[in-house]
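Chains, contacts and geometry: an overview
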Amino acid sequence: MPQRPIYLDCHATTPVDERVLEAMLPYFTERFGNAASMGHVYGWEAEAAVKQSREMLAIAVHASPEEIIFTSGATEANNLAIKGVAEANFQRGRHIITVVTEHNAVLDPCRYLQSLGFDVTFLPVQGDGLINLADLERAFRPDTILVSVMAANNEIGVLQPLSAIGAMCREHQVLFHTDAAQAIAKVPLDVEAMNIDLMSLTAHKVYGPKGIGALFVRRRNPRVHLTPQLHGGGHERGLRSGTLYTPQIVGFAKAVELAIAEMPSETRRLLHLRDRLWQTLSQLEDIELNGHPTQRLPGNLNISVSGVDGQALHLGLQPVMAVSSGAACTSAKVAPSHVLQALGRSEELAYASIRFGIGRFNTAAEIDQAAKWTIATIQALRQANPEAVKNSVSPPYPVQFEPT
Ligand SMILES: *Cc1c(COP(=O)(O)O)cnc(C)c1O
């Protein structure tokens, strides 16, 4: 089999760490019980594993265990948070504040609520991807019931000022939800210190399994009222029915536990690799960094490359590295990234962007190889037809160059 490309797409997903898999395995076979079966040891074993995992996740974000509601991932957690709060609080108000650069798992529930008559303010971002706190302050209304601002952006990695946002929400007595799918166990999160009322989590961006996540729902000061979106057996305090997926829950907690224990050293290692990649790439002319230079996830680098066609660029990179482009593929069509456009990038520059997501299993040698190949590809594309490339309006654009 030919060598596979270097994986540098850790914002999309990550491999399951061997230590996580090992912790999960017994719960598929000998310890397969239903955590809701209270009459025998099979149920007790599963229940004990779920309890321990819930405690671990609660410690990780400074919550209490009963505030952790397991879901199928961050998409479901975001839907439960946003639609659940809206439904439970619509008599108090129907105004929600969020941000244009949120993940679609936040934007789409908000748009759905608009179709039901809710009013949503989509805050802009500054050139560095961060919100302007004065914009947020102005957006509060007497009928505002929820503010939803992500912790770390999945494209440009920028870290929004959660503590400041939380303090403002608390002052206005408005619930604060944050989508922390990219942030959990990568940067410190503290629901108490940051005044977070709801927080969405997922396992598969942090070397845990796919298909498992959680929503933190504050129980006191204030108690969050939430309408369930899945009705059934009344699991998870009635907020999310469905038999608990014990192996995934065990893997989720193990993944978070490991990542938190290794956070100080791994952060240093990733910053070193990321900065080394940027130092090499920024020697080229007309390369721009997308997002705040330091207020971002340690493993994230996102650049826009002028004078090349986005599609040609990504076709050129493909044989050597797995990265994401600034094109968002929805099922229907390819569109330029809404995040990069919100930073003020043109459509062409959004397409001609590269998101590097460096992770736990990447080595310095891989980063150097990726940097070298990226430079070679960009230089070859620029030399191949500098004028035509510069004047290109929009993809699809014929590929004129095959890297050798
Ligand atoms: C990946 C991601 C999601 C979706 O999480 P799933 O667990 O895959 O549903 C939501 N928000 C952000 C910011 C993400 O990066």
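Keep in mind that what you see is a predicted model, and the values were worked out from it rather than measured. (Residues numbered from 1 in each chain as written. Predicted model: local features only at pLDDT ≥ 70, side-chain atom pairs only at ≥ 80, totals over all residues. Heavy atoms only, no water.)

Across its full length, the chain holds 13 helices and 15 strands. Relative to the 2.2 N^0.38 estimate, which gives 22 Å for 404 residues, the radius of gyration of the chain is 22 Å and therefore close to what a compact globule would have. Scored against the burial criterion, the 404 residues of the chain give a buried share of 55%. Taking the contacts inside the chain whose residues are at least 6 apart along the sequence as the reference set, 73% of them involve residues at least 24 apart. As displayed, the chain offers around 17,500 Å² of accessible surface, 54% of which is attributable to carbon and sulfur atoms. Each charge class in the chain was averaged separately, 34 positive and 40 negative side chains, and the resulting centres sit 3 Å apart. (Helix = DSSP H or I, 4+ residues; strand = E, 2+ residues; numbered from the N terminus. Rg over C-alpha atoms; globule rule 2.2 N^0.38 Å. Buried < 20%, exposed > 50% of the residue type's maximum accessible area, 1.4 Å probe, protein only. Contact = heavy atoms within 4.5 Å. Areas by Shrake-Rupley, 256 points an atom, 1.4 Å probe, with all protein chains shown as cover. Lys, Arg positive; Asp, Glu negative; His and termini not counted. Charge placed at Lys NZ, Arg CZ, Asp CG, Glu CD.)

Turning our eyes to something else, we now look at the packing of aromatic side chains. In this structure the tally under the stated criterion is three aromatic pairs. On the numbers, 5.4 Å between centres and 40° between planes, the contact of Phe32 with Tyr42 is tilted. Note that Phe32 is positioned in the loop between helix 1 (18–24) and helix 2 (41–61) and Tyr42 in helix 2, a separation of ten residues in sequence. With a centroid separation of 6.5 Å and 70° between ring planes, the pair formed by Phe70 and Phe252 is classed as edge-to-face. Taken together, the positions of Phe70 in strand 2 (residues 68–71) and Phe252 in helix 7 (residues 246–261) put the pair 182 residues apart, joining distant regions of the chain. Of the two residues examined, Phe70 and Phe252, each falls in the buried class. One residue, Lys83, lies across the ring of Tyr112, its end atom 5.2 Å from the ring centre. (Phe/Tyr/Trp six-rings, centres within 6.5 Å; stacked < 30°, edge-to-face > 60°. Lys NZ or Arg CZ within 6 Å of the ring centre and 35° of its normal.)

So, about the domain arrangement of the chain. In terms of domain boundaries, the chain breaks down into domain 1 (6–13 + 262–389) and domain 2 (18–257). With 25 residues of domain 1 in contact, the opposing surface of domain 2 contributes 29 residues. When the two sides are added together, the surface that domain 1 and domain 2 hide from each other amounts to roughly 2,300 Å², 55% of it contributed by carbon and sulfur. Between the two partners, domain 1 and domain 2, sit one salt bridge. Where Glu262 meets Arg19, a salt bridge forms, and the shortest distance between an N and an O atom there is 2.8 Å. Counting residues per element, the side of domain 1 that touches domain 2 draws most heavily on helix 10 (residues 338–342), at four residues. (Domains from an automatic or database assignment. Buried area = accessible area lost by both parts, 1.4 Å probe. Salt bridge = Lys/Arg side-chain N within 4 Å of Asp/Glu carboxyl O.)

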